[in-house]
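Commentary on secondary and tertiary structure
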Amino acid sequence: EAGVVQSPRYKIIEKKQPVAFWCNPISGHNTLYWYLQNLGQGPELLIRYENEEAVDDSQLPKDRFSAERLKGVDSTLKIQPAELGDSAVYLCASSLGQGSADTQYFGPGTRLTVL
Amino acid sequence: KQEVTQIPAALSVPEGENLVLNCSFTDSAIYNLQWFRQDPGKGLTSLLLIQSSQREQTSGRLNASLDKSSGRSTLYIAASQPGDSATYLCAVSGSARQLTFGSGTQLTVLP
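What you see is a predicted model; the values in this text were computed from it and never measured.

Quick notes on the environment of Ile79 of chain A
All names here are of chain A. Topologically, Ile79 is positioned in strand β8 (residues 75–79). When the C-alpha atoms of Ile79 and Val19 are compared, they prove to be 5.4 Å apart, with 60 residues separating the residues in sequence. The contact partners of Ile79, leaving out residues within four places of it in the chain, are Gln17, Pro18, Val19, Phe21, Arg64, Phe65, Asp86, Tyr90 and Leu112.

Below, the structure written as structure tokens:
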């Protein structure tokens, strides 16, 4: 079974440029998450989707970040414009969404460098 | 707000040793606790998940325990191997199913 797929794996852009990340979750997983991970720290949740509905986006900086999950499968996370402080790894995860035994499966992440 | 702390931040042991990684959390109202492994440049791999009603889970050489009342969990690794070298992350899930992660313990097992 294929795992969570993310692209690109690496992205280098100049500040003020836009950037987009793509995620394809495990087939059948209704819940999709986007996390941000800074060096030496654990991931922090940006947004969680149940099918195509964003049910928790309280940590998403809405002035520059946006996300969508069309048809409840693939998802894209966009930053416009990017700032130096956005340099980090952006992780996508998915799960079946089954109560207290729900395990999240993570993709390899996209490492963003903003110059 | 839930806070998760992992001690130590880094650990280096010789091959074959048994070791314990520690995790503490501030809010005991959790759904579950998970231990993840992260290799350099890679995503996270789930190792063990302990539901709030459980006390421990085992998988091979790994054993994780949960004491909700004291807000603590431990990950025990038996007979460590160089291939166990990675960063180990503890995460707790609340009713909103939001995972709150610790900063991790970077483990190095020396041959």
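Concerning the sheet that holds strand β1 (residues 4–7) of chain B
Residues and elements named next belong to chain B. A sheet is described by the order of its strands in space; here five strands give the open sequence β1-β3-β8-β7-β6, paired in antiparallel fashion. Whereas interior strands pair on both sides, the edge strands pair on one side only; in this sheet they are β1 and β6 (56–59). Ignoring strand direction, the axes of neighbouring strands in this sheet form an average angle of 15 degrees. Bridge count for β1 against strand β3 (residues 19–25) is four bridges, and the pairing is antiparallel. Paired with Thr5 across the two strands is Ser24, which belongs to β3.

Re the interface of chain A and chain B
At the junction of the two partners, chain A supplies 24 residues and chain B supplies 20 residues. Each partner contributes to the roughly 1700 Å² buried at the junction of chain A and chain B, and carbon and sulfur atoms together form 46% of this total. Here chain A and chain B share zero salt bridges between them. Counting across the chain A and chain B interface gives two residue pairs in polar contact (both at pLDDT 80 or more). Breaking the side of chain A that touches chain B down by element, the ones donating at least two residues are β4 (31–37) and β5 (44–50) of chain A. Among the elements that make up the side of chain A that touches chain B, the one with the highest residue count is β4 of chain A (four residues).

Topic: the state of the cysteines
Disulfide: a covalent bond connecting the sulfur atoms of a pair of cysteines. Residues and elements named next belong to chain A. Applying the stated criterion to the full structure yields two disulfides over all chains. The disulfide partner of Cys23 is Cys92, and the gap between their sulfur atoms is 1.9 Å. With the S-S bond torsion at -70 degrees, the cross-link from Cys23 to Cys92 turns out left-handed. In this pair, Cys23 sits in strand β3 (residues 19–24) while Cys92 sits in strand β9 (residues 88–95), placing the two residues 69 residues apart along the sequence. Each member of the pair, Cys23 as well as Cys92, carries the same accessibility label: buried.

Observations regarding the sheet that holds strand β1 (residues 5–7) of chain A
All names here are of chain A. Taken in spatial order, the four strands line up as β1-β3-β8-β7 in an open sheet, and their pairing is antiparallel. Across the chains shown, the open sheet's two edge strands, defined by having one partner strand only, are β1 and β7 (65–68). Taken over all neighbouring pairs, the strand axes of this sheet differ in orientation by 15 degrees on average, direction set aside.

A closer look at the pairing of β9 of chain A
All names here are of chain A. Where burial is concerned, most of β9 is hidden: eight out of the eight residues are buried. Burial of the side chains of β9 extends over both faces: Ala88, Tyr90, Cys92 and Ser94 are buried on one face and Val89, Leu91, Ala93 and Ser95 on the other. For β4 and β9, the ladder comprises seven bridges, and the chain directions are antiparallel. Residue pairing for β9: Tyr35 is matched across the bridge by Leu91.

Rules of the game
Residues numbered from 1 in each chain as written. Chains lettered and ligands numbered in written order. Predicted model: local features only at pLDDT ≥ 70, side-chain atom pairs only at ≥ 80, totals over all residues. Heavy atoms only, no water. Helix = DSSP H or I, 4+ residues; strand = E, 2+ residues; numbered from the N terminus. Contact = heavy atoms within 4.5 Å. Pairing = 2+ DSSP bridges. Axes fitted to C-alpha atoms, helices over the stretch in contact; angles between N-to-C directions. Buried area = accessible area lost by both parts, 1.4 Å probe. Salt bridge = Lys/Arg side-chain N within 4 Å of Asp/Glu carboxyl O. Polar contact = N/O pair within 3.5 Å; in protein donor to acceptor, adjacent residues only side chain to side chain. Disulfide = S-S within 2.5 Å. Buried < 20%, exposed > 50% of the residue type's maximum accessible area, 1.4 Å probe, protein only.

What is shown is where atoms sit, not what they do.
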